[in-house]
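# Structural characterization, general
Chain by chain, the residues run as shown.
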Amino acid sequence: MLGDTSLDDISGGDGPGRRALILVENLSVPFDRRVWQECTTLRDAGWEVHVICPRGSTRDTEPEAEIDGVRIHRYPLRAATGGPAGYLREYGSALWHTARLARKVGPVDVVHACNPPDLLFLPALWLKRRGARFVFDQHDLVPELYLSRFDRGEDLLYRGVCALERLTYRAADIVLATNESYRDVAVRRGGRRPDDVFVVRSAPATDRFQPVPPEPDLKRGKPHLLCYLGVMGPQDGVDYALRSLAKLRDELGRTDWHAVFVGAGDAFDAMVRLARRLGLDEQVQFTGRVPDADLVRYLSTADVCLSPDPRNPLNDVSTMNKVLEYMAMGRPIVSFDLREARVSAGDAALYAPANDESAFAELIALLLDDPHQRARMGKIGQDRISGQLSWRNSQASLLAAYAAACRDRAPVAARASARRGRRPRS
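The paragraphs below set out a description of the structure included in this document.

Conventions adopted
Residues numbered from 1 in each chain as written. Predicted model: local features only at pLDDT ≥ 70, side-chain atom pairs only at ≥ 80, totals over all residues. Heavy atoms only, no water. Axes fitted to C-alpha atoms, helices over the stretch in contact; angles between N-to-C directions. Helix = DSSP H or I, 4+ residues; strand = E, 2+ residues; numbered from the N terminus. Parallel < 35°, antiparallel > 145°, perpendicular 65-115°, else oblique. Contact = heavy atoms within 4.5 Å. Nonpolar A, V, L, I, M, F, W, Y, C, P; charged D, E, K, R; others polar. Phe/Tyr/Trp six-rings, centres within 6.5 Å; stacked < 30°, edge-to-face > 60°. Buried < 20%, exposed > 50% of the residue type's maximum accessible area, 1.4 Å probe, protein only. Lys NZ or Arg CZ within 6 Å of the ring centre and 35° of its normal. Core = buried A, V, L, I, M, F, W, Y, C linked by side-chain atoms within 4.5 Å. Expected span 1.5 Å × (residues − 1). Arc of directions from axis to C-beta. Polar contact = N/O pair within 3.5 Å; in protein donor to acceptor, adjacent residues only side chain to side chain. Pairing = 2+ DSSP bridges.

### Structural notes on the packing of helix 13 (residues 357–368) against helix 14 (residues 371–386)
With their axes 6 Å apart at the nearest point, helix 13 and helix 14 run at an angle of 100° to one another. Judged on the interaxial angle alone, helix 14 and helix 13 are roughly perpendicular. When helix 13 is examined against helix 14, the residues Leu-366, Leu-367 and Leu-368 are found in contact with a partner set consisting of Pro-371, Gln-373, Arg-374 and Met-377. Per-class residue counts for the contact of helix 13 with helix 14 are five nonpolar, one polar and one charged.

### Some points on the packing of aromatic side chains
Within this structure, the stated rule accounts for 11 aromatic pairs. Ring geometry for Tyr-87 and Phe-150: centres 6.0 Å apart, planes at 90°, overall edge-to-face. Taken together, the residues Tyr-87 in helix 3 (residues 84–105) and Phe-150 in helix 5 (residues 142–150) connect sequence positions 63 residues apart. Judged by its relative accessible area of 35%, Phe-150 falls in the partly exposed class. Their ring planes at 75° and their centres at 5.9 Å tell us that Phe-136 and Tyr-169 sit as a pair that is edge-to-face. A residue pair is termed long-range when its members are at least 10 positions apart, and Phe-136 in strand 6 (residues 133–138) and Tyr-169 in helix 6 (residues 156–171) qualify at 33 residues. The pair formed by Phe-136 and Tyr-169 is uniform in burial state, with each residue classed as buried. Through a chain of ring-to-ring contacts, three or more aromatic side chains come together here, namely Tyr-87, Tyr-91, Tyr-146, Phe-150 and Tyr-158. In this structure, Arg-243 packs its charged tip against the face of Tyr-240, placed 4.9 Å from the ring centre.

### Comments concerning the nonpolar core
Among the nonpolar cores identified, the biggest contains 63 residues, and Leu-242, Leu-245 and Phe-261 are the most heavily contacted of them. With eight residues, the single largest contributor to this core is helix 13. If you look at the next biggest cluster of nonpolar residues, it comprises 33 residues, including Leu-21, Ala-113, Leu-120 and Val-197.

### Overview of helix 14
Residues spaced three or four apart along an α-helix face the same direction, because each turn holds 3.6 residues. Taking 1.5 Å per residue, 16 residues should reach 22 Å; helix 14 reaches 23 Å between its end C-alpha atoms and fits that length. For helix 14, the complete set of buried residues consists of Gln-373, Arg-374, Met-377, Gly-378, Gly-381, Arg-384 and Ile-385. The arc that holds every buried residue of helix 14, seen down its axis, measures 135°, which confines them to one face. Residues His-372, Ala-375 and Ser-386 are exposed on helix 14 and point more than 90 degrees away from its buried face.

### So, the side chain of Glu-165
On the secondary structure map, Glu-165 appears in helix 6. Engagement of the side chain of Glu-165 in a polar contact is seen with the side chain of Arg-189, the distance being 2.9 Å.

### Quick word on the sheet that holds strand 7 (residues 174–177)
The strand order 3-4-2-1-5-6-7-8 describes an open sheet built from eight strands, whose pairing is mixed. Edge strands, defined here as strands with exactly one partner in the open sheet, are strand 3 (64–67) and strand 8 (197–199). Neighbour-to-neighbour, the strand axes of this sheet turn through a mean angle of 20°, independent of strand direction. When strand 5 (residues 110–114) meets strand 6, the two strands line up parallel, connected through five bridges.

Everything listed here is a matter of coordinates, which is why it stays silent on function.
Pasting the structure below:
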């Protein structure tokens, strides 16, 4: 346990003179908020931080950037289409560019690889042979992600992703888990020593999520605004939310609401079509990704926020960033009853039985009719984010993990200097 240990105590001078390289394939940086918070935490502890990641499509488009002292190296990447062959092309391209840019960065003390996919252990192993320690940052349980996303069962590809996860665990010196459920998997399934697995919870940057005065015009003439924020993939439950809203209208007779769905993903177009088929065109608005200022406007105006992730092997044990962001903004939440949803939100959410769309609709209606309960739940959420779930606690755990990784090892710059000093004079 870290207790009340300060960040200065934990960094203990390990940062200055050291270099870290963070590898990301799933998102660009700094758009990946968790990775960016890790970058700035390490930077503030004295580390020289480099990141290798894909370029974004509308932001993070420069091939090279230095932002707030963090050096970012980006490569072009086309997202997978067309099934397994598409993923093979995507991941092969990402690995080639990552290896190319890692050679450009040069020696580092820590290589910090963020999944998915569980393939970045390959460039990490190359860097380990050159003296780096490998920190595996497990953002997703890829075997559970495969089962939840593709509905193919435990087929050959599933066994393949399980093998890649095992190889990643085996190669890592330290594992970062996003919650206790993931930590249990690393110990039980990954065979890792408990002392080598550190829980670094994702947490919203509270300076980014500051409520502003609500804007009634965003409700499109209705008394209430419902809000969904997040990725729209097959496993994210936007379809459950839309069907629940249809039941809220048809079974409960409630038309006193407008709903806004903020975000994008590979199910976005399908969700727009589903809303049209359900006759929700007039009451449901899809914004796509929006600037932070607009996101804060929507959340500040929302009466109820939606977390419709269905129970499946991945969602039940995963921490949903949108839940934490709703809490930071003081919004009450309706969620399905998932293990880690309860750990994160506690009494800041109401929980419908897993995947029960009618019950989900009934809880929305209950909150719409009770402004006092909405306010109470919003305050509970804000208190949790500023207390036990704050990023400061995660910073302490991250720096403790890095200290453990580098224990009894001189910085790479010092090792290089010592080698130069041993060379015979000509």
